[in-house]
Amino acid sequence: MSTSTGRALAARITSLLPGRADLADLRRDPRRDLLAGLTVAIVALPLALGFGVSSGLGAEAGLVTAVIAGALAAVFGGSNLQVSGPTGAMTVVLVPIVAQYGPGGVLTVGLIAGLMLVALAVLRAGKYMQYVPAPVVEGFTLGIACVIGLQQVPNALGVAKPEGEQVLVVTWRAVEEFATSPNWTAVAFAVAVAVVMLVGARWRPTIPFSIVAVIAATLVAQVAGLDAAPPIGDLPSGLPAPSLAFLDMGALGSLLAPAVAVAALAALESLLSASVADGMTVGQKHDPDRELFGQGLANIAAPLFGGVPATGAIARTAVNVRTGARSRLASLTHAVILAVIVFAAAPLVSKIPLAALAGVLLATAIRMVEVGSLRAMAKATRSDALILVLTAVATLALDLVYAVIIGLLVAGALALRAVAKQARMDQVPLDRGDHSVEEHALLAEHIVAYRIDGPLFFAGAHRFLLELAEVADVRVVILRMSRVSTIDATGALVLKDAVQKLNRRGIVVMASGIRPGQRQVLNSVGALALLRLEGREYATTPEAIAGARTHLECTGVFPAIPAQKTTRTASEETAR
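Quick summary incoming for the structure in this document.

Bringing the layout of surface pockets into the picture now. Computed from the structure, the largest pocket encloses a volume of approximately 1,300 Å³. Around the largest pocket, the lining comprises 42 residues; the ones closest to its centre are Ile-314, Ala-315, Ala-318, Arg-322 and Arg-367. Sorting the residues of the lining of the largest pocket by element identifies helix H3 (30–55), helix H5 (88–122), helix H6 (134–151), helix H9 (184–203), helix H10 (209–224), helix H11 (252–279), helix H13 (314–322) and helix H16 (354–368) as the ones contributing at least two each. For the lining of the largest pocket, the per-class residue count stands at 26 nonpolar, eight polar and eight charged.

Written out as structure tokens, the structure is:
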């Protein structure tokens, strides 16, 4: 690496680090930030435990992630109000990785994904996330909500999680096992917690009913001694020491593809969450590259302590904003409070029934579905509705990364189709110019002019060729190209092919108004040279008509008219 490259890289990384302005923001309203952080921590505790259990690495992994990733993303991230930690979307991706590679594979994937996120930040890739269409995001969210809900079925029914990677298969097996040996106590816990959260959120949105319901369920289970509602199990009373013992260098190659999936999801969900936070406030604007950098550091560090990959969490971020957070101090406080809980209250947390956590996540999944947004997307256009449904179904049947790729491909194809439909080729009347009525009528018998509007590119170029090939009973075709917005190599080749076919039929093709930006493409495929043959390219349409008239005179089709007669007739026409 050259010295200049090293300096540029160092300067880029320095620009991603926190500055004095960030420190100044911490002092603006510390009381409100501390209160918001406490509230978010109370909401985040059952979610962190639940997502840790759902991921397959255990409740302690969820807590560690919320503490380590939450703190680092708060300090180094690009949003003042973002709250990071384990999320349902990431859990959906991690389950098959755990099944195939084990806990060590998940930690390795998280570490590699963190490095990828840092690289994306250095490369300024954050701005490209804004190009993900809204129907893809909505379908993605709907699919995630369905997957999260289905993942909770075994714990909600009080049965051991069946073997398998496909969530639909696992859910069906859990229902079959429950049918043979029903556990109504677990069902009652899950349903009660979910109902309390959903009803309570409508009644008093500011009260964290998730923690209230979990505490109540834990007390009932302990007092009544209900063995049918098994608890989380033992939790470590503190954070484990950092370690790289989980790394398996031999498996790095096979883990690259899952790491790409995790990095893509972390980037997408974190930047989406940060955008939501911006929209809920006035004057807040996140830095997408800094956000990727902060999430990258968080995902590098969390696996070292046994944590799962993390992202920005939309639900917790929304709670943070609604409770009055003003700076990063709130999300940092949330991480510190969770750390205190890990050290001071691990024995109590370990007694929370798994069915109660399942109820928390079931309610979370239900609240993720924005019915109004889904209805608006479905009513917008058929294309938007199709993209939304395909993305949601792919999320449920395949995985999140494939779902987003499918959604983007379908959205891109439909967008190209819509743009291609905007391209038109209309026959237009010849300009009268200095010609008499009789002369103009005679010209119109032998010359036809077409105006091409919009883009001439691969998606619609062949339709243009078919239209142009139908031209008959004329000697000259004039293509007015001043309104062509863009042209690619396919469009240029199709144009060249059309000109050659017309020439073989004895029809001369002339062009007018070719823009400077279009000349390179036309020249690269030989279309420009063909149009310039015998001077058949003109700056304006009147000049092209005059050239066509000259051509007809030379071929004997059109009688020569003295110049003065043409001028006199034109003057007479003007007077009329």
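By size, the foremost hydrophobic cluster in this structure holds 87 residues, and its most contacted members are Leu-49, Val-262 and Leu-338. In terms of residue count, the dominant contributor to this core is H5 (17 residues). If we skip the residues at most four places from it in the chain, Leu-338 touches Ala-41, Ala-44, Leu-45, Ala-66 and Val-67. With 30 residues, the next largest nonpolar core counts Leu-468, Leu-479, Val-509 and Val-525 among its residues.

Turning to the packing of H3 against helix H14 (residues 328–344), a few remarks are in order. Here H3 crosses H14 at 50 degrees, and the two axes come no closer than 7 Å. Classed by the angle they form, the pair H3 and H14 counts as oblique. In the crossing of H3 with H14, the sense of the turn from one axis to the other is right-handed. Residue-level inspection shows Pro-30, Asp-33, Leu-34, Ala-36, Gly-37, Leu-38, Val-40, Ala-41, Ala-44 and Leu-45 of H3 in contact with H14, the latter providing Leu-329, Ala-330, Thr-333, His-334, Ile-337, Leu-338 and Ile-341. By residue class, the composition of the contact of H3 with H14 is 13 nonpolar, three polar and one charged.

Moving on: the packing of H5 against H6. Two numbers describe how H5 lies on H6: the axes approach to 9 Å, and their chain directions differ by 65 degrees. On the basis of the axis angle, H5 is roughly perpendicular to H6. Classified by chirality, the crossing of H6 by H5 is left-handed. Residue-level contacts link Gly-88, Ala-89, Thr-91, Val-92 and Val-95 of H5 to Ile-144, Val-147, Ile-148 and Gln-151 of H6. Of the residues that constitute the contact of H5 with H6, the class distribution is six nonpolar, three polar and no charged.

Thresholds, definitions, all that
- Residues numbered from 1 in each chain as written.
- Predicted model: local features only at pLDDT ≥ 70, side-chain atom pairs only at ≥ 80, totals over all residues.
- Heavy atoms only, no water.
- 1 Å grid on protein atoms, 1.4 Å probe; cavity = no way out; pocket = protein on both sides within 12 Å on 5 of 7 lines; lining within 4 Å.
- Points joined across faces, edges and corners; volume = space filled by probe spheres on them.
- Helix = DSSP H or I, 4+ residues; strand = E, 2+ residues; numbered from the N terminus.
- Nonpolar A, V, L, I, M, F, W, Y, C, P; charged D, E, K, R; others polar.
- Core = buried A, V, L, I, M, F, W, Y, C linked by side-chain atoms within 4.5 Å.
- Buried < 20%, exposed > 50% of the residue type's maximum accessible area, 1.4 Å probe, protein only.
- Contact = heavy atoms within 4.5 Å.
- Axes fitted to C-alpha atoms, helices over the stretch in contact; angles between N-to-C directions.
- Parallel < 35°, antiparallel > 145°, perpendicular 65-115°, else oblique.
- Left-handed = near helix turned anticlockwise from the far one by under 90°.

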